[in-house]
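What follows is each chain in one-letter form.
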Amino acid sequence: MATKEDIINNIMDYMDFEKIHTVMKFLNWQWATSEGVPTIPEIRVFLRKQLNNFIDRDLILSSCGGFTITKSDNIIRVAFELTTWEVDLDDNFKDE
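All figures in this text were calculated on a predicted structure; none of them were measured in a lab.

A count of helical and extended segments in the chain gives three helices and three strands. Helices and strands appear in the chain in the N-to-C order α-α-α-β-β-β. A burial count over the chain gives 27% of its 96 residues as buried. Carbon together with sulfur atoms contributes 51% to the accessible area of the chain, which is approximately 7500 Å² in total.

Written out as structure tokens, the structure is:
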């Protein structure tokens, strides 16, 4: 089984930080903790901290700063999301 460091390093090696940064610049996406759009090194540090917290706390879902981290079975998935929608499967979608 891979170590925590191996898992995080694999994600950090293959995440497209250039693309994430380009989108953030285009949208003027700023975090409350940064002055202006975060730089690629700032984005990398942020995601590494989020991943450490996610693994240390054995979470199955974490979402912050545009990143969503999920764990299902033996897979950790990291996404940078611009928009999402969810539906309550118990909702009957009828006007009340």
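Once the structure has been displayed, the description carries forward.
With that out of the way, let us pick up the packing of aromatic side chains. Taken as a whole and judged by the stated rule, the model has four aromatic pairs. Relative to Phe80, the ring of Trp29 has its centre 5.0 Å away and its plane inclined at 35°; by these criteria the two rings are tilted. With Trp29 in the loop between α2 (17-27) and α3 (40-56) and Phe80 in strand β3 (residues 75-80), this residue pair connects regions lying 51 residues apart in the sequence. Here a set of aromatic residues connected by ring pairs shows up, and it is made of Trp29, Trp31, Phe46, Phe67 and Phe80.

Bringing the sheet that holds β3 into the picture now. Spatially, β1-β2-β3 is the arrangement adopted by the three strands of the open sheet, whose pairing is antiparallel. Edge strands, defined here as strands with exactly one partner in the open sheet, are β1 (61-64) and β3. Strand-to-strand twist of the sheet, defined as the mean angle between neighbouring strand axes without regard to direction, takes the value 10°. In the sheet, strand β2 (residues 67-72) pairs with β3 via six bridges, with the strands oriented antiparallel. For Thr68, the partnering residue across the bridge sits in β3 and is Ala79. Against the sheet, α3 contacts β1, β2 and β3, and its axis sits at roughly 30° relative to β2.

Calculation notes
- Residues numbered from 1 in each chain as written.
- Predicted model: local features only at pLDDT ≥ 70, side-chain atom pairs only at ≥ 80, totals over all residues.
- Heavy atoms only, no water.
- Helix = DSSP H or I, 4+ residues; strand = E, 2+ residues; numbered from the N terminus.
- Buried < 20%, exposed > 50% of the residue type's maximum accessible area, 1.4 Å probe, protein only.
- Areas by Shrake-Rupley, 256 points an atom, 1.4 Å probe, with all protein chains shown as cover.
- Phe/Tyr/Trp six-rings, centres within 6.5 Å; stacked < 30°, edge-to-face > 60°.
- Pairing = 2+ DSSP bridges.
- Axes fitted to C-alpha atoms, helices over the stretch in contact; angles between N-to-C directions.
- Contact = heavy atoms within 4.5 Å.

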